[in-house]
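Chain by chain, the residues:
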Amino acid sequence: MPRSTTPSDGTAGSGDHRPDPGPGGPLLSVYSAVVIMASLFIGVVIGLLTYAVMHSIPGAVLAGLGAAGASFRGLPEVIGR
């Protein structure tokens, strides 16, 4: 007779096979990850545009870092929560 693969805790039909995040939970919330990724994207775009105009790598890096930092501070107010 074949063995039953159904767990005895009542989760047979859930289809949820995600691993347990552990005692601490996820490192970042989805909201925080979106703000960080958007800030990095804005910084890269501004850096590339600055390089295209000035042809200066240090100037482009400084502009990109400044834009990323400013957007990191400003995006939570724009996005809201």
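For clarity, every value in this text was computed on a predicted model and none was experimentally measured.

Calculation criteria
- As a convention, each chain's residues are numbered from 1 in the sequence order in which they are written.
- For a predicted model such as this one, the threshold for reporting local features is a pLDDT of at least 70, and the threshold for listing and counting side-chain atom pairs is 80 or more; totals across whole chains, interfaces and linings nevertheless cover every residue.
- Processing note: side-chain calculations cover all non-hydrogen atoms of the structure and skip hydrogens and water entirely.
- For helices, the fitted line uses only the C-alpha atoms of the stretch in contact; every axis is such a line through C-alpha atoms, and the angle between N-to-C directions lies from 0 to 180 degrees.
- Working definition: helices are DSSP H or I runs of at least four residues, strands are E runs of at least two. Numbering for both runs from the N terminus.
- For any helix crossing, the convention is left-handed if the near helix is rotated counterclockwise from the far helix by under a right angle, and right-handed if that rotation is clockwise.
- We call two residues contacting when some pair of their heavy atoms lies within 4.5 Å.
- Only Asp, Glu, Lys and Arg are considered charged, only Ala, Val, Leu, Ile, Met, Phe, Trp, Tyr, Cys and Pro nonpolar, and every remaining residue, Gly among them, polar.
- Candidates for patches are residues over 30% relative accessible area with no salt bridge; among them, like charges are joined within 9 Å and nonpolar side chains (Val, Leu, Ile, Met, Phe, Trp, Tyr) within 5 Å.
- Every accessible area reported is derived by Shrake-Rupley at a probe size of 1.4 Å, with residue values counting cover from the shown protein chains alone.
- The salt bridge definition used is simple: a Lys or Arg side-chain nitrogen within 4 Å of an Asp or Glu carboxyl oxygen.

Attention shifts here to the packing of helix 1 (residues 30-54) against helix 2 (residues 57-79). Relative orientation of the contacting elements helix 1 and helix 2 amounts to 150 degrees, with a least axis distance of 7 Å. In the crossing of helix 1 with helix 2, the sense of the turn from one axis to the other is right-handed. Side by side, helix 1 and helix 2 meet where Tyr31, Val35, Ile36, Ala38, Ser39, Ile42, Gly43, Ile46, Gly47, Thr50 and Tyr51 of the first sit next to Ile57, Gly59, Ala60, Ala63, Gly64, Ala67, Ala68, Ser71, Phe72, Leu75, Pro76 and Ile79 of the second. Of the residues belonging to the contact of helix 1 with helix 2, the class tally is 16 nonpolar, seven polar and no charged.

Side chains of Leu27, Leu28, Ile36, Met37, Leu40 and Phe72 sit close together on the surface and give an oily, nonpolar patch of about 660 Å² of accessible area. The leading source of residues in the nonpolar patch is helix 1, at three residues. With respect to the secondary-structure elements, leucine 40 resides in helix 1.

Another point: the environment of isoleucine 46. Summarising the element assignment, isoleucine 46 is placed in helix 1. Sequence separation between isoleucine 46 and valine 61 is 15 residues, and the spatial gap between their C-alpha atoms is 9.1 Å. Contact partners of isoleucine 46, with chain neighbours within four places excluded, come to Ala63 and Ala67.

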